[in-house]
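Inside the fold
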Amino acid sequence: MSESSWIKRLMLRWKLESAFQVVVVLVVFACTGFTVLFIKKPILHFLAGKQEDSVTASVIYYLLILPLYNVILLAYGFLFGQFKFFWEFEKRFFNRVFRRTKK
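The rules behind these values
Residues numbered from 1 in each chain as written. Predicted model: local features only at pLDDT ≥ 70, side-chain atom pairs only at ≥ 80, totals over all residues. Heavy atoms only, no water. Phe/Tyr/Trp six-rings, centres within 6.5 Å; stacked < 30°, edge-to-face > 60°. Helix = DSSP H or I, 4+ residues; strand = E, 2+ residues; numbered from the N terminus. Buried < 20%, exposed > 50% of the residue type's maximum accessible area, 1.4 Å probe, protein only. Core = buried A, V, L, I, M, F, W, Y, C linked by side-chain atoms within 4.5 Å. Contact = heavy atoms within 4.5 Å. 1 Å grid on protein atoms, 1.4 Å probe; cavity = no way out; pocket = protein on both sides within 12 Å on 5 of 7 lines; lining within 4 Å. Points joined across faces, edges and corners; volume = space filled by probe spheres on them. Nonpolar A, V, L, I, M, F, W, Y, C, P; charged D, E, K, R; others polar.

Here's the deal with the packing of aromatic side chains
- The full count for this structure, using the stated rule, is 14 aromatic pairs.
- Relative to F89, the ring of F29 lies with its centre 5.3 Å away and its plane at 70°, an arrangement referred to as edge-to-face. Of this pair, F29 sits in helix α2 (residues 19–48) while F89 sits in helix α4 (residues 83–97), and the two are 60 residues apart along the sequence.
- Overall, F89 belongs to the partly exposed group, its relative accessible area being 23%.
- For the pair F34 and F38, a centre-to-centre distance of 6.3 Å together with 25° between the ring planes defines the contact as stacked. One end of the pair, F34, and the other, F38, are both in helix α2, 4 residues apart, so they sit about a helical turn from each other.
- Classification of F38 by relative accessible area gives exposed; the value is 62%.
- Ring pairing ties together the aromatic residues W14, F29, F85, F86 and F89, which thus form one cluster.

Focus on the nonpolar core
- Among the nonpolar cores identified, the biggest contains 11 residues, and these are I7, L10, W14, L16, V22, V25, V28, L73, L74, F85 and F86.
- Mapped by element, the contributors of at least two residues to this core are α1 (5–14), α2, α3 (55–79) and α4.
- Setting aside residues up to four positions removed in sequence, L74 forms contacts with F83, F86, W87 and E90.
- Counting residues in hydrophobic clusters, the runner-up holds 7 residues, among them V36, A57, Y61 and I65.

Thoughts on the side chain of N70
- Along the chain, N70 turns up in helix α3.
- Beyond its immediate chain neighbours, meaning those up to four positions away, N70 contacts E90, F93 and F94.

A closer look at unusual backbone geometry
- We note that K15 has phi near 55°; this positive angle belongs to a residue other than glycine.
- In this fold, K15 is placed in the loop between α1 and α2.
- Overall, the relative accessible area of 72% leaves K15 in the exposed class.

A few points about the layout of surface pockets
- Of the pockets and cavities examined, the largest pocket occupies roughly 370 Å³.
- As for the largest pocket, its lining consists of 16 residues, of which W14, F85, E88, F89 and R92 are closest to the centre.
- Looking at the lining of the largest pocket, the elements that each hand over two or more residues are α1 and α4.
- No other element matches the 8 residues that α4 contributes to the lining of the largest pocket.
- Of the residues that constitute the lining of the largest pocket, the class distribution is 6 nonpolar, 3 polar and 7 charged.

Right, dumping it as structure tokens:
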């Protein structure tokens, strides 16, 4: 198996056109993750003041971070020229999360 086979698998799975596009998408995910990591402490400080480790602040943080993560993901997707991919990615994600059962 060649080293780039995982890139080819991601190209097929995500319906991307090039290995470069796969790398850009992975960079967007990485930037989003690091941004969420860097904003966690200020958000917790805002929610709980000096007691950043309170359970209430943590619960509120985790409820807020999902929509915030998705907005940041779309923003980085836009900045890196991959907004269309991430918009479709978000729609698929939310369709799975809020899937309605057919009667």
